Amino acid sequence: MTTRFALIVFIFILAACNNAPVGEAELVLTNGFVYSLSWGDPAGDGMPAIDAPFEDGIWYPDGEAIYISGDRIMYVGTNEDALAQARENVQVIDLHGATVIPGAIESHGHVHELGEHHEQLDLLDINDRSEIIDMVVERAASVPAGEWIIGWGWDEGAWANDLPNWDALNERVPDHPVVLKGRRGFGAWANKRAILAAGFANDSDNPDGGELVRDSNGDLTGVLLNNAVDALYDAIPEQTLDQRKRILLFGLDEMAASGYVAAHHAGVRSDYMPAYDALAGSGELPIRTHLMLAVVADNRDLTDIYLASGPTTDLSAFLQVRGIKAYYDGSLGSRGAQLLADYADMPGSRGVSGSEYGFDTQVVEDLIAAGFQAGVHAIGDAGNRAVLDFYEDLYSRHPEARALNHRIEHAQVVHPDDFKRFAELNVAASMEPGHAVEDSPWAEDRLGAERVKGAYAWRTMRENGITVIFNSDYSGTDHSLFYGLFAAMTRKSAGGQPPGGWYPEQAMTPEEALRAYTVWPASVSGILEQTGTIEAGKWADLTILSIDPLNIDFSGDIGGGVVGGGIGISPSELLEGEIVMTIVAGKIVYQR
Ligand SMILES: [Zn+2]
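Here goes a summary of the coordinates provided. Just so you know, these numbers come straight off a predicted model, no measurement behind them.

## Digging into the packing of aromatic side chains
Stage number 1. If you walk through the whole model with that rule in mind, you get 14 aromatic pairs.
Stage number 2. When the ring of Trp154 is compared with that of Trp159, the centres are 5.7 Å apart and the planes differ by 35°; the resulting orientation is tilted. We note that Trp154, like Trp159, is buried.
Stage number 3. Taking 6.4 Å as the distance between ring centres and 65° as the angle between the ring planes, the aromatic pair formed by Trp159 and Trp189 counts as edge-to-face. Separated by 30 residues along the polypeptide, Trp159 in the loop between strand E11 (149–154) and helix H5 (167–172) and Trp189 in strand E13 (residues 187–190) bring together distant segments of the chain.

Set out below in structure tokens:
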């Protein structure tokens, strides 16, 4: 590290004076490779700013140590000066050359899904029934009697001619209702307690369109097919507040372990809101949470409450309710995204959108007028155009709303005429690097050779001055920061497909990819004065990585845009990166 740091050309030494409040916990991180990102944004083609610590294709850290007092960064610079300023009881952590970046922000995900999947037994691809029963027995040992045990993923299609039965479940798990959902949605395997709770008995008739599977004696076997599963699933009680808190905490802890200091929850409904409030009230939120309330008909009770109260005003509170999520069109894969012209692979079809998709213009406008930032899901080129039209029209009545940095979620397919409108209307494109590479095998089939050029078009967006923020939309895709950076820089899937990258001219540079997870989402959330870069006075929110994500050696490979340099790790080594530590408001919330 010492020799590495001796090469450093750019060190920004800040004023050395200790004005930290006495009595706060103090932390000094030493021997780090600190990229503060406090220099200017790169140009539209990706070329780093003139004040960036970048020379001859090589990035240099602009600090080796960070001094933290309480929840604030006090100093960024040399080991010597950081240690000189700290008080006596400071905790010193030697980073041994790990890379420090501004705290990463996951700007679009579904926190509860991680927890819900974790609570369900994952039965996918398990072919041995006794193994499944053992899993249920093991789970039952840690769940209070009477609480339902839910699993998902056994294959009712593959097992159709040799269905399982409830005998072992009844015998070994008598005290818990058990429901094991089939992966294809038409079969369920349950124990007697669950079946009785659903109102079925040995003399029950088959429900319309459904079947209670019976043995040769005519007795129930614990397997339900087709519409019969609905009554069983309806009998599963609503989660308790404690369960929902546990589910959210699991998701947020997973975010912390994945290097994120903040998670934006896209589409919060009234079911999970009390759990967020409870976790915030007891100080249990491990990272900052930025909620986007779902604007859908069955969530009006919740949005009406916030319409009356207005958005969170204390920006440093860990629970922020300043956003809303609305839904304009469907997805590209299912041909639900609204296109200006027919789907290339389904003539006559242009998708669904707008009011037929549940977009309530008036409710969204009212919430924006009350000060909420909107994130509107739009995928097709017609969907994106319509949402841009919506914002433009709204600004004519509420000019002050422009300053809220509204977002379009996914912004996957944009007509060439509409790119510049994002910047003109101050609308950020909230996009998923993982979606681009995962959709690449079929996206061109849907769009054709010409339209696909405006799809997942990050470079075109940057050239048009659009603020791009990156996220994973988990649990739909892998929320690993390293996977996101890799996909953004290479336009390749984790498996390396396609080998040349998918429309690699749209790749981000390493710096742009990093900014889309740090500086830019902080800016879009209106908190760049508080976070997003590593600077004295800002929140002590930091992500520490085992690898240097800026110096990537693209020689012999594709990607990296204009700055594809010749030193550092290979692109695929990004995928082997690890989170060393996550620090939020000066507290270590994850350590490898
Ligand atoms: Zn989503």
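## Concerning the pattern of salt bridges
Stage number 1. Under the defined criterion, the tally for this structure stands at 30 salt bridges.
Stage number 2. Between Asp345 and Arg335 there is a salt bridge, with the nearest N and O atoms lying 3.1 Å from each other. With Asp345 in the loop between strand E18 (319–327) and helix H11 (361–369) and Arg335 in the loop between E18 and H11, this pair connects stretches of sequence that are 10 residues apart.
Stage number 3. Lys453 is the salt-bridge partner of Glu450, the closest N and O atoms lying 3.2 Å from each other.
Stage number 4. In this structure Glu450 comes out as exposed when scored by relative accessible area, which is 57%.
Stage number 5. A relative accessible area of 47% places Lys453 in the partly exposed class.
Stage number 6. Ionic contacts of the salt-bridge type, sharing partners, join the residues Arg385, Asp389, Glu392, Asp418 and Arg421 into one network.

## Looking at the packing of helix H14 (residues 433–451) against helix H16 (residues 481–490)
Stage number 1. At a minimum axis separation of 8 Å, H14 and H16 run at an interaxial angle of 60°. Compared by their axis directions, H14 and H16 come out oblique. Pair H14 / H16 crosses with left-handed handedness. Here Pro433, Gly434, Val437 and Glu438 of H14 lie close against H16, whose contacting residues are Tyr483, Gly484, Ala487 and Ala488.
Stage number 2. Counted by class, the contact of H14 with H16 contains 5 nonpolar, 2 polar and 1 charged residues.

## Quick word on the sheet that holds strand E7 (residues 91–94)
Stage number 1. With mixed pairing, the 4 strands of this open sheet are ordered in space as E6-E5-E1-E7. Among the strands making up the open sheet, the edge pair consists of strand E6 (72–77) and E7. Direction aside, the axes of adjacent strands within the sheet are offset by 15° on average.
Stage number 2. Sheet topology places strand E1 (residues 26–30) next to strand E5 (residues 65–69); 4 bridges connect them, and they run antiparallel. Bridged to Leu29 within E5 is Ile66.

## A word on empty space enclosed by the protein
Where empty space is left can be seen by rolling a probe of water-molecule size over the atoms.
Stage number 1. Enumeration over the complete set of coordinates arrives at 3 cavities of 30 Å³ or more.
Stage number 2. Put simply, the largest cavity is a space of about 140 Å³.
Stage number 3. If you go around the largest cavity, you meet 16 residues; those closest to its centre are Ala262, His264, Arg288, Ile527 and Trp539.
Stage number 4. For the lining of the largest cavity, the secondary-structure elements that each account for two or more residues are strand E16 (260–268), strand E17 (288–294) and E18.
Stage number 5. Looking at the lining of the largest cavity, its residues break down into 7 nonpolar, 6 polar and 3 charged.

## Re the coordination of the zinc ion
Stage number 1. Taken together, the protein donors to the zinc ion comprise His108 (NE2), His110 (NE2) and Asp473 (OD), at separations of 2.1 Å.
Stage number 2. Between the donor residues of the zinc ion, the gaps in sequence give the motif H-x1-H-x362-D. You can see His110 sitting in the loop between strand E9 (104–109) and helix H3 (111–119) and its partner Asp473 sitting in the loop between strand E22 (468–470) and H16, a full 363 residues away along the chain.
Stage number 3. Residue classification places His110 among the buried positions, given a relative accessible area of 13%.
Stage number 4. By relative accessible area, Asp473 is classed as buried at 14%.

## Notes on the sheet that holds strand E2 (residues 33–34)
Working definition: the strands of a sheet are paired by backbone hydrogen bonds and lie parallel or antiparallel to each other.
Stage number 1. Taken in spatial order, the 5 strands line up as E2-E8-E23-E24-E25 in an open sheet, and their pairing is mixed. Of all strands in the sheet, those bounded by a partner on one side alone are E2 and strand E25 (587–591).
Stage number 2. Relative to E25, strand E24 (residues 579–584) runs antiparallel, the two being bridged by 4 bridges. The residue of E25 that forms the bridge with Val584 is Lys587.

## Here we look at the layout of surface pockets
Stage number 1. Approximately 730 Å³ is the volume attributed to the largest pocket.
Stage number 2. As for the largest pocket, its lining consists of 23 residues, and the residues nearest its centre are Glu119, Ile150, Gln239, Gln243 and Ile247.
Stage number 3. Breaking the lining of the largest pocket down by element, the ones donating at least two residues are H3, E11 and helix H8 (241–257).
Stage number 4. Among the residues forming the lining of the largest pocket, the class breakdown is 8 nonpolar, 6 polar and 9 charged.

## So, H11
Stage number 1. Within H11 the residues assigned to the buried category are Val363, Val364, Glu365, Leu367 and Ile368.
Stage number 2. Next to the buried residues of H11 lie helix H10 (300–309), E18, strand E19 (373–378) and helix H12 (381–397).
Stage number 3. The positive-phi residue at the C-terminal boundary of H11 is Gly371, with phi of around 105°.

## A few points about the environment of Asp122
Stage number 1. Relative to the helices and strands, Asp122 resides in strand E10 (residues 121–122).
Stage number 2. Placed 101 residues apart in sequence, Asp122 and Val223 show a C-alpha to C-alpha distance of 18 Å.
Stage number 3. Every residue in contact with Asp122, bar those within four places of it in the chain, is listed here: Met135 and Trp152.
Stage number 4. A polar atom in the side chain of Asp122 sits 3.1 Å from the backbone nitrogen of Leu124.

Rules used throughout
- Residues numbered from 1 in each chain as written.
- Predicted model: local features only at pLDDT ≥ 70, side-chain atom pairs only at ≥ 80, totals over all residues.
- Heavy atoms only, no water.
- Phe/Tyr/Trp six-rings, centres within 6.5 Å; stacked < 30°, edge-to-face > 60°.
- Buried < 20%, exposed > 50% of the residue type's maximum accessible area, 1.4 Å probe, protein only.
- Helix = DSSP H or I, 4+ residues; strand = E, 2+ residues; numbered from the N terminus.
- Salt bridge = Lys/Arg side-chain N within 4 Å of Asp/Glu carboxyl O.
- Axes fitted to C-alpha atoms, helices over the stretch in contact; angles between N-to-C directions.
- Parallel < 35°, antiparallel > 145°, perpendicular 65-115°, else oblique.
- Left-handed = near helix turned anticlockwise from the far one by under 90°.
- Contact = heavy atoms within 4.5 Å.
- Nonpolar A, V, L, I, M, F, W, Y, C, P; charged D, E, K, R; others polar.
- Pairing = 2+ DSSP bridges.
- 1 Å grid on protein atoms, 1.4 Å probe; cavity = no way out; pocket = protein on both sides within 12 Å on 5 of 7 lines; lining within 4 Å.
- Points joined across faces, edges and corners; volume = space filled by probe spheres on them.
- Donors = N, O, S within 2.8 Å, 3.2 Å for Na, K, Ca; no water.
- Polar contact = N/O pair within 3.5 Å; in protein donor to acceptor, adjacent residues only side chain to side chain.

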